Amino acid sequence: MRPFTLLIKPTGPDCNIDCKYCFYSRKTDIFGKNAHRMSDAVAEKLVSSYLKLNLPHSSFAFQGGEPTLMGLDFYKKIVDFQRKYAISGQPITNALQTNAILLDDDWCKFLAENNFLVGISLDGPKTYHDTYRLGHTGKGTFDKVMAAIAKCRQHNVQYNILVLLNNINVTHPDEVWDFFMAQKVKFLQFVQCVENDPDTGKIADFSITPTQYADFMCRIFDRWQAHGVRKVSVRSFDSILSHCLGQGHTECTFMPKCADYIVIEHNGGVYCCDFFVEEDAYLGNIMETPIEKLASSPKKRQFNKRKRELPNKCIVCRHYDICRGGCPKDRRIADSDLKMETFFCDSYKKIFDYTLPKIWQLAAEVKAENPPPGP
């Protein structure tokens with residue numbers, strides 16, 4: 001069977017802060033408003049059933065909501081289960097995407113000792129971060145996040161930064177870049193924030209426009225080049241470079257079909273994608289159906305292929321090979337038709353036109369430095 005990875009939501013949509021732009025908090029409509037916590041039985045089942053497949057690589061990624069709400073003991077059990085069920089020599093990786101509020105010395109020691117890659121959500125300088133990323137009391141969370149990052153550095157935790165571009169920080173690319181460079185951040189991921197307002201059906205106020213996204217990323221590209229492209233990883237640019245090297249995209253947004261991962265909710269329920277945790281994308285439950293059957297089910301395969309259902313204007317576009325229509329979730333912004341072009345169509349055209357000549361040149365340099373082995 002085709003290899004696949006796990007995106008695990010052990011606390012479902014529960015979170016210890018109240019980000020005004022969070023789309024996942026609405027999933028309480030599906031799971032109910034009580035607290036959501038993954039049981040030991042579900043955790044052991046997902047680890048044992050996944051590792052017994054002995055895939056070339058076994059990847060566990062924990063997200064939320066806020067996954068640290070499970071408590072540190074839960075992740076100690078996860079690691080114990082992995083040790084118990086791993087086949088000798090089996091490659092296993094763990095990742096944790098978090099708001100970092102709860103990361104203290106004990107957490108960081110554990111994460112470092114067990115080689116967890118930690119993604120930390122941080123929207124830039126305090127003014128921009130505290131606009132939307134608020135605690136339930138309404139106070140900003142910037143200072144707590146920065147304290148957690150200091151702990152990560154102290155304990156040598158591997159971490160990267162995820163920046164959600166909203167209508168505020170997207171207009172300040174230089175400030176955002178300078179802030180992260182001052183923090184000596186080495187790995188950056190910029191994610192565009194665009195959602196429908198559930199009350200009006202229109203695009204939510206905190207969303208960014210295609211023009212704003214394109215302008216931001218083109219400016220970041222300039223700063224990335226000037227800083228030194230080998231000194232800092234910017235995920236989108238790395239993905240384009242990988243494509244130009246003939247190795248395919250590393251970001252599923254631009255892959256020919258949706259990525260081969262499944263979402264496992266706190267109750268063992270499995271979905272095709274975390275942007276589509278809804279009835280139409282429900283695959284079943286790992287407590288009832290073998291995980292490999294869920295991951296390779298006709299419904300999952302059909303979901304992955306839907307990314308290819310594109311309008312003619314995409315098929316004839318000069319950037320079709322590198323874009324592949326973008327993420328399907330962005331094709332239904334203020335519209336329910338997944339066959340329309342992505343909301344960010346104009347953004348991608350401008351970004352590709354601006355960056356590709358220089359990235360092709362960079363790809364040529366990389367190839368020259370790393371020639372293929374001789375006969």
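These numbers come from a predicted model, not from an experiment.

Cut-offs used in this document
Residues numbered from 1 in each chain as written. Predicted model: local features only at pLDDT ≥ 70, side-chain atom pairs only at ≥ 80, totals over all residues. Heavy atoms only, no water. Helix = DSSP H or I, 4+ residues; strand = E, 2+ residues; numbered from the N terminus. Rg over C-alpha atoms; globule rule 2.2 N^0.38 Å. Buried < 20%, exposed > 50% of the residue type's maximum accessible area, 1.4 Å probe, protein only. Contact = heavy atoms within 4.5 Å. Lys, Arg positive; Asp, Glu negative; His and termini not counted. Charge placed at Lys NZ, Arg CZ, Asp CG, Glu CD. Salt bridge = Lys/Arg side-chain N within 4 Å of Asp/Glu carboxyl O. Axes fitted to C-alpha atoms, helices over the stretch in contact; angles between N-to-C directions. Parallel < 35°, antiparallel > 145°, perpendicular 65-115°, else oblique. Left-handed = near helix turned anticlockwise from the far one by under 90°. Nonpolar A, V, L, I, M, F, W, Y, C, P; charged D, E, K, R; others polar. Polar contact = N/O pair within 3.5 Å; in protein donor to acceptor, adjacent residues only side chain to side chain. Phe/Tyr/Trp six-rings, centres within 6.5 Å; stacked < 30°, edge-to-face > 60°. Patch = residues over 30% accessible without salt bridge, like charges linked within 9 Å, V, L, I, M, F, W, Y side chains within 5 Å. Areas by Shrake-Rupley, 256 points an atom, 1.4 Å probe, with all protein chains shown as cover. Pairing = 2+ DSSP bridges. Expected span 1.5 Å × (residues − 1). Arc of directions from axis to C-beta.

A. Representation of the overall build of the protein chain. The helix and strand tally for the protein chain stands at 14 helices and ten strands. Computed over the C-alpha atoms, the radius of gyration of the protein chain is 21 Å, within 12% of the 21 Å expected from 2.2 N^0.38 for a compact globule of 375 residues. For the protein chain, the C-alpha atoms occupy an extent of roughly 55 × 50 × 45 Å along the three principal directions. Among the 375 residues that make up the protein chain, the fraction classed as buried is 52%. For the protein chain, contacts bridging at least 24 residues in sequence account for 71% of all contacts bridging at least 6. Treating the 48 positive side-chain charges of the protein chain as one cloud and the 44 negative ones as another, the clouds have centres 4 Å apart.

B. Just the pattern of salt bridges, in detail. Enumeration over the complete set of coordinates arrives at 22 salt bridges. With a closest N to O distance of 3.0 Å, Arg219 and Asp174 form a salt bridge. Of this pair, Arg219 sits in helix 8 (residues 210–227) while Asp174 sits in helix 7 (residues 173–182), placing them 45 residues apart in sequence. A residue is classified by how much of its surface remains accessible, and Asp174, at 28% relative accessible area, is partly exposed.

C. The packing of helix 8 against helix 14 (residues 345–369), seen in detail. One way to put it is that helix 8 packs onto helix 14 with a least axis distance of 8 Å and a crossing angle of 15°. By the angle class used here, helix 8 and helix 14 are roughly parallel. The crossing of helix 8 and helix 14 is left-handed. Here helix 8 contributes Pro210, Thr211, Tyr213, Ala214, Asp215, Met217, Cys218, Phe221, Asp222, Trp224 and Gln225 to the contact with helix 14, which in turn contributes Ser347, Tyr348, Lys350, Ile351, Tyr354, Thr355, Lys358, Ile359 and Leu362. Taken together, the residues of the contact of helix 8 with helix 14 break down into twelve nonpolar, four polar and four charged.

D. The arrangement of the side chain of Asn304 in detail. On the secondary structure map, Asn304 appears in helix 11 (residues 298–305). Non-local contacts of Asn304, meaning those with residues more than four positions away in its chain, are made with Lys257, Cys258, Ala259 and Asp260.

E. A look at the side chain of Asn169. Mapped onto the elements of the fold, Asn169 is located in the loop between strand 5 (158–165) and helix 7. In this structure the side chain of Asn169 is engaged in a polar contact, spanning 2.8 Å, whose partner is the backbone nitrogen of Asn166. With sequence-adjacent residues up to four places away left out, Asn169 is seen in contact with Asp123, Tyr128, Val163, Leu164, Val176 and Phe216.

F. The packing of aromatic side chains, seen in detail. In this structure the tally under the stated criterion is 28 aromatic pairs. Between Phe23 and Phe275 the ring centres are 5.2 Å apart and the planes differ by 25°, which places this aromatic pair in the stacked class. Taken together, the residues span a long stretch of sequence, with Phe23 in the loop between strand 1 (5–9) and helix 1 (28–31) and Phe275 in the loop between strand 9 (269–271) and strand 10 (282–285) at a distance of 252 residues. Geometrically, the ring pair formed by Phe343 and Phe344 is edge-to-face, given 5.1 Å between the ring centres and 90° between the ring planes. Ring pairs connect the aromatic residues Phe62, Phe74, Tyr75, Trp107, Phe110 and Phe116, which therefore count as one cluster.

G. Looking closely at a positive patch on the surface. A cluster of like positive charges, contributed by Arg153, Lys184, Lys186 and Lys231, occupies part of the molecular surface. Within the secondary structure, Lys184 sits in the loop between helix 7 and strand 6 (187–192). The exposure class assigned to Lys184 is exposed, which follows from its relative accessible area of 63%.

H. Structural context of the sheet that holds strand 3 (residues 92–98). Pairing within the open sheet is mixed, and its ten strands lie in the order 7-6-5-4-3-2-1-8-9-10. The open sheet is flanked by strand 7 (233–234) and strand 10, the only strands paired with a single partner.

I. Geometry of the pairing of strand 4 (residues 116–121). Burial of strand 4 is extensive: five of the six residues sit out of reach of the surface. As judged from the five bridges shared by strand 3 and strand 4, these two strands associate in the parallel manner. Paired with Thr98 across the strands is Ile120, a residue of strand 4. In this structure, strand 4 lies alongside strand 5, joined through five bridges in parallel fashion. Across the sheet, the residue bridging to Ile120 is Ile161, located in strand 5.

J. Focus on helix 8. With 18 residues, helix 8 extends 26 Å between its outermost C-alpha atoms, agreeing within 8% with the 26 Å of an ideal straight helix rising 1.5 Å per residue. Turning to helix 8, its buried residues number three or more, namely Pro210, Tyr213, Ala214, Phe216, Met217, Cys218, Ile220, Phe221, Arg223 and Trp224. Those residues of helix 8 that are buried are in contact with strand 5, helix 7, strand 6, strand 7, helix 9 (235–244) and helix 14. Residue Gly228 follows helix 8 closely and has a positive phi angle near 120°.

K. Representation of the environment of Val232. Relative to the helices and strands, Val232 is located in the loop between helix 8 and strand 7. On a C-alpha basis, the gap between Val232 and Asp330 in space is 27 Å, while along the polypeptide they are 98 residues apart. Apart from residues no more than four positions distant in its own chain, Val232 is found in contact with Trp177, Met181, Val185, Lys186, Leu188, Trp224 and His227.

L. Just helix 4 (residues 105–113), in detail. Restricting attention to buried positions, one finds in helix 4 the residues Trp107, Cys108, Phe110 and Leu111. For helix 4, the buried positions fall inside an angular range of 160° around the axis, keeping them on one side. Contacts from the buried residues of helix 4 go to helix 3 (72–85), strand 3, strand 4 and helix 6 (142–154). The distance from a side-chain oxygen at the start of helix 4 to the backbone nitrogen of Asp106 is 3.2 Å, and the residue carrying that oxygen is Asp104. Just downstream of helix 4 lies Asn115, where phi reads positive at about 55°.

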